[in-house]
Amino acid sequence: MIASFSTFLRTFRRNKMGIIGLAMLVISLITAIFAPQIAPYNPKESVDVTIDDIYARPSAAHLLGTDDAGKDVLSNFIYGSRVSLTVGFFASFISIFIGGVIGIVAGFYGGRVENVFMRFTDIMLVIPDLPLIVVIIALTKPSLWNIIFVIGLLGWTTTSRLVRSQTLAVKSRKFVLRAKAIGAGNLHIIRHHIIPLVMPLLVVNTVLVISLAILNESTLSFLGLGDPTALSWGQMLNFAFSRGAMSTGAWWALVVPGFGIVWVVLSLTLLGQGLEQVLNPRLETHHLTVIKDKPPETPVTAPPFPQDFSQAPVLLDVRDLSVDYVNAGQAPAHAVQKVSFQLRQGELLGLVGESGCGKTTLMLALMRLLPAAGRIVNGQVLFHDRDLSQVSEEEMADVRWKSISIVFQGAMNALNPVRTVGDQIAEAIRQHLDITDKEKLDTRVRELLELVGISPDRAGHYPHQYSGGMRQRAMIAMALACNPQVIVADEPTTALDVMIQAQILELLHTLRQRLGLSIIFVTHDLGVVAEMCDTVLVMYGGVSAEYANVDTIFNEARHPYTQELLKAFPDLTRPGGKLAAIPGYPPRLNALPPGCLFAPRCPLAFDRCHTEKPALHALKTGTPNAHIASCHLVE
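All of the points below concern the structure found in this document. Treat the numbers as computed from the prediction; the structure is a model and nothing was measured.

## Overview of the nonpolar core
Turning to step 1, where the next piece is worked out: Core analysis: the biggest nonpolar cluster contains 124 residues, and Leu-316, Phe-341 and Leu-362 have the highest contact counts within it.
Turning to step 2, where the next piece is worked out: If near-sequence neighbours (up to four positions away) are discounted, Phe-341 is found in contact with Leu-316, Asp-317, Val-318, Leu-349, Leu-362, Leu-366, Ile-520, Leu-537 and Tyr-547.
Turning to step 3, where the next piece is worked out: Counting 33 residues, the second largest nonpolar core, distinct from the first, contains Tyr-79, Trp-233, Ala-240 and Leu-254.

Dropping the structure here:
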């Protein structure tokens, strides 16, 4: 969760709020632990009392006065802290543990597990906690441990709902998908990715639960249901109210135990806020923080790389792949329909099309990382003649990252904000390469960072301490961690400025040359496609519109959709030319139009286009000059 205990202490020492809260809490704990040595009197000893000793005002003999029994209020207060703190802490730990486990399990696994846990939680929420606690304690023996367990077992409901909501939010983040992609199991993801982001919420919520536990114990004691053998602040309040402290003006009998409750609650509140800032490093610094002695990023040099792929072996052969999103009570959304392509060793395939045309779904399907509603309903994904759509999840986990890795869109979302970048890169290495020696692991992480132009000294920094370009470089380093043959780059330059985009693209090109990588590059930018790609697959509405080498796509495009995309691309040879926009929007995937999916927007559509789906026509055959288009006009 944090880089090291020393790092935690160094950060925590700078948090004044947390230090004050911790100091106040330590005073309370020392008072409770060393009560026999601190208290001037022993409340359990019998004393001779006269009428003058009852509710005696503060004096040198009794600094905070006496109570209705003539006993020293200060000594009662010191000994009472033991019971109040014991009930507060132990009951809250029980509640936090139960609520945390239920919330994480329900939020992470979902489905029937979530329904069972959350319906039970809803039932418990309907029942008021305090009246139920009172009834149960009244029907059982009012002992100290009985009170602790009853308060703890009935105080978890709010925690479980908060933790479930946080878990659902974290589970949908891309760094969890990335963790699945590197082969991490559910327990690993929960322990290393879910719990660190849930922990700040639990810390803050613990403050509330401890406060409520102390108040519940005080209420029980006030009603006469506390442990008669245990002196607590709540019992002191009970005695003061029921035995005439108000009528006699003995304010000290009420103020002192009330002050104790307020002191502990305030100390825990300050400590909780301080710990949240330490455990959540995003609240502390960001990528604009000045970092001393930052070495300049150096470009990676590369030898020339051959561009003729006609003789290169096929690494990935996708045949008629179809993916649906299935939701109960709704028509299935056909996100990908019978898409086919081949990726050869060293080839860079560009995947283009408007948003909502199925590009990202296709990439997630290749790695079997579709969301719960996604289903591969047809086709094959052949990797070294092995159909990845049919292998078990364990076999697929071994393929991910060692053979095929992915650079997710939006690096800030794909990196866990509460773990260092170096630790997240090392996570993939530990999962697949069986390198457990810390020195070797650190060496490999530093090599990867240096490979992508990041100073190895930045391995111990958090994602928010990186600039946007550095985060994207770190994601590329992570994708290279296990020496894969294929990298899927899902819009890796999104939200970056033009100069940083150029650097990232140059880095990918250089790494491809140096390592012989095969890359599937998902993008909206036709300029990037023209500059970097060898072949291009144009998708529209989840289907293949056109598939050919890059020169054919830009010079001899036959599908009207490809032609319209090119019209929207600025041509530097015609500086006065106007850009065209395609009217309308891509079709809804759960309500596809009949016939050609592009027909409602196509300027060349005729009657047949609105009624009959076009087939894939092979205009040219043979690698690398194959040209395929799905349009009636090319027949």
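## Points about empty space enclosed by the protein
Over the atoms a probe the size of a water molecule is rolled, and this reveals where empty space is left.
Turning to step 1, where the next piece is worked out: A full pass over the atoms with the stated rule returns three cavities of 30 Å³ or more.
Turning to step 2, where the next piece is worked out: Put simply, the largest cavity is a space of about 60 Å³.
Turning to step 3, where the next piece is worked out: What lines the largest cavity is simply His-559, Pro-560, Cys-596, Phe-598, Ala-599, Cys-602, Leu-604, Ala-605, Cys-609, Cys-631, His-632 and Leu-633.
Turning to step 4, where the next piece is worked out: Among the residues making up the lining of the largest cavity, the classes are represented as ten nonpolar, two polar and no charged.

## Some points on the packing of aromatic side chains
Here the distance between the centres and the angle between the planes together describe a pair of aromatic rings.
Turning to step 1, where the next piece is worked out: Per the stated rule, a full pass over the model turns up ten aromatic pairs.
Turning to step 2, where the next piece is worked out: Between Phe-77 and Trp-233, the ring centres sit 5.3 Å apart and the planes meet at 15 degrees, which makes this aromatic pair stacked. One end of the pair, Phe-77, is in helix H4 (residues 73-109); the other, Trp-233, is in helix H11 (residues 233-242), and 156 residues separate them in sequence. Judged on exposure class, the residue Phe-77 and its partner Trp-233 are both buried.
Turning to step 3, where the next piece is worked out: Measuring from centroid to centroid gives 5.1 Å for Tyr-540 and Phe-598, while their planes differ by 80 degrees, and the two rings are edge-to-face. With Tyr-540 in strand S9 (residues 535-540) and Phe-598 in the loop between helix H23 (560-567) and strand S11 (617-620), this pair connects stretches of sequence that are 58 residues apart. The pair Tyr-540 / Phe-598 is uniform in exposure class, with both members buried.
Turning to step 4, where the next piece is worked out: One aromatic cluster in this structure is built from Tyr-540, Tyr-561 and Phe-598.
Turning to step 5, where the next piece is worked out: Between Arg-458 and the ring centre of Tyr-466, over which it is positioned, the NZ or CZ distance is 5.1 Å.

## Here's the deal with the pattern of salt bridges
Turning to step 1, where the next piece is worked out: If you walk through the whole model with that rule in mind, you get 21 salt bridges.
Turning to step 2, where the next piece is worked out: Residue Asp-442 is joined to Lys-438 by a salt bridge in which the shortest nitrogen-to-oxygen separation is 3.0 Å. Placement of the pair is Asp-442 and Lys-438 together in helix H18 (residues 438-451), with a separation of four residues, close to one helical turn.
Turning to step 3, where the next piece is worked out: The network of salt bridges with shared partners includes Arg-178, Arg-419, Asp-423, Glu-427 and Arg-430.

What counts, and at which threshold
- Residues numbered from 1 in each chain as written.
- Predicted model: local features only at pLDDT ≥ 70, side-chain atom pairs only at ≥ 80, totals over all residues.
- Heavy atoms only, no water.
- Core = buried A, V, L, I, M, F, W, Y, C linked by side-chain atoms within 4.5 Å.
- Buried < 20%, exposed > 50% of the residue type's maximum accessible area, 1.4 Å probe, protein only.
- Contact = heavy atoms within 4.5 Å.
- 1 Å grid on protein atoms, 1.4 Å probe; cavity = no way out; pocket = protein on both sides within 12 Å on 5 of 7 lines; lining within 4 Å.
- Points joined across faces, edges and corners; volume = space filled by probe spheres on them.
- Nonpolar A, V, L, I, M, F, W, Y, C, P; charged D, E, K, R; others polar.
- Phe/Tyr/Trp six-rings, centres within 6.5 Å; stacked < 30°, edge-to-face > 60°.
- Helix = DSSP H or I, 4+ residues; strand = E, 2+ residues; numbered from the N terminus.
- Lys NZ or Arg CZ within 6 Å of the ring centre and 35° of its normal.
- Salt bridge = Lys/Arg side-chain N within 4 Å of Asp/Glu carboxyl O.

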